[in-house]
Amino acid sequence: MTMENVLVDLANFAYLPVGVGNSLFCVEENWKQSKGQGDDYSYEERTPDGDAVTKYHVWYPISPYSPFGTSARWKKFNPHGEIIASGKKS
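In every chain, residue numbers begin from 1 and rise along the written sequence. Totals for whole chains, interfaces and linings use every residue, but because this is a predicted model, local features are given only for residues with pLDDT of at least 70 and side-chain atom pairs only at 80 or more, for both listing and counting. Water and hydrogen atoms play no part in the side-chain values, which are based on all heavy atoms of the structure.

Q: How should I be thinking about the environment of Arg46 in this particular structure?
A: A helix here means a DSSP run of H or I that spans at least four residues, while a strand means a run of E at least two residues long, and both kinds are numbered starting from the N terminus. Structurally, the position occupied by Arg46 is in strand β3 (residues 40-46). A C-alpha to C-alpha distance of 6.3 Å links Arg46 and Leu24, two positions 22 residues apart in sequence. Here, residues are in contact when the closest pair of their heavy atoms is within 4.5 Å. Not counting the four nearest positions on each side in its chain, Arg46 is found in contact with Asn5, Asn22, Ser23, Phe25, Val27, Asp51 and Ala52.

Q: Can you help me understand the pattern of salt bridges in this one?
A: Side-chain pairing between opposite charges can occur once the charged atoms of the two side chains come close. Every case where a carboxyl oxygen of Asp or Glu lies within 4 Å of a side-chain nitrogen of Lys or Arg is listed as a salt bridge. By the definition in use, this model includes three salt bridges. A salt bridge links Lys55 to Glu44; the shortest N-O distance between them is 3.9 Å. With a gap of 11 residues between them, Lys55 in strand β4 (residues 52-59) and Glu44 in strand β3 connect regions that are remote in the sequence. Residue exposure (1.4 Å probe, protein chains only): buried if accessible area is under 20% of the type maximum, exposed if over 50%, otherwise partly exposed. According to the relative accessible area criterion, Lys55 is partly exposed, its value standing at 45%. Judged by its relative accessible area of 14%, Glu44 is buried. In this structure, the salt-bridge partner of Lys76 is Glu45, at a minimum N-O distance of 4.0 Å. Here Glu45 lies in strand β3 and Lys76 lies in strand β5 (residues 72-77), a separation of 31 residues in the sequence. Overall, Lys76 belongs to the buried group, its relative accessible area being 12%.

Q: Mind showing me how you'd approach the nonpolar core here?
A: Burial of nonpolar side chains together is a common tendency in soluble globular proteins. Ranked by internal contacts, the top residues of the largest apolar core, which has 13 residues, are Phe13, Tyr15, Leu16, Leu24, Tyr43, Tyr56 and Val58. Of all the secondary structure elements, the ones that give two or more residues to this core are β2 (23-30), β3, β4 and β5. Those residues in contact with Leu16, other than ones at most four positions away along the chain, are Leu24, Tyr56, Val58 and Trp74. Take the buried residues of types Ala, Val, Leu, Ile, Met, Phe, Trp, Tyr and Cys, join any two whose side-chain atoms come within 4.5 Å, and each joined set is a nonpolar core.

Q: Honestly, the packing of aromatic side chains in this entry has me stumped. Any pointers?
A: The description of an aromatic ring pair uses the distance of the two centres, along with the angle that the planes make with each other. Side-chain rings of Phe, Tyr and Trp (the six-membered ring for Trp) are treated as a pair once their centres are within 6.5 Å; stacked means planes under 30 degrees apart, edge-to-face means over 60, and tilted covers the remaining angles. The final tally for this structure, using the stated rule, is five aromatic pairs. Centroid distance Phe13 to Tyr15: 6.1 Å. Interplanar angle 45°. Geometry classified as tilted. A single burial state applies to Phe13 and to Tyr15, both of which are buried. These aromatic residues form a ring-pair network of at least three members: Phe13, Tyr15, Tyr41, Tyr43 and Tyr60. Seen from the ring of Phe25, Arg46 lies directly overhead, with NZ or CZ sitting 4.3 Å from the centre. A positively charged side chain is recorded as over a ring if its NZ (Lys) or CZ (Arg) lies within 6 Å of the ring centre. The angle to the ring normal must also be within 35 degrees.

Q: I tried to follow the environment of Pro48 on my own but got confused; where do I start?
A: Tracing the backbone through its elements, the reader meets Pro48 in the loop between β3 and β4. Sequence separation of Pro48 and Asn22 is 26 residues, and the distance between their C-alpha atoms is 5.9 Å. Leave out the neighbours within four places in its chain, and Pro48 touches Gly21 and Asn22.

Laid out in structure tokens, this is it:
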């Protein structure tokens with residue numbers, strides 16, 4: 001599902017390396033209801049002038065085994081679509 005420039009609270013995404021002074025906008029979200037798959041989201045990092053400088057893909061894989069834990073995983077892309085950073089938040 002595509003979203004239209006929804007500004008997100010950076011306090012909820014402290015694990016992402018967003019540049020000082022920049023903002024994060026959710027531009028796409030997808031929900032999955034199958035075992036072992038979770039939700040995934042696409043974000044754009046924008047300067048105070050509104051220029052998109054990087055994109056993030058964040059997803060939440062869900063363990064199919066009890067206690068069904070989840071953790072955020074992410075990748076950061078440059079404007080050319082190349083991965084420039086990645087990580088995991090527990």
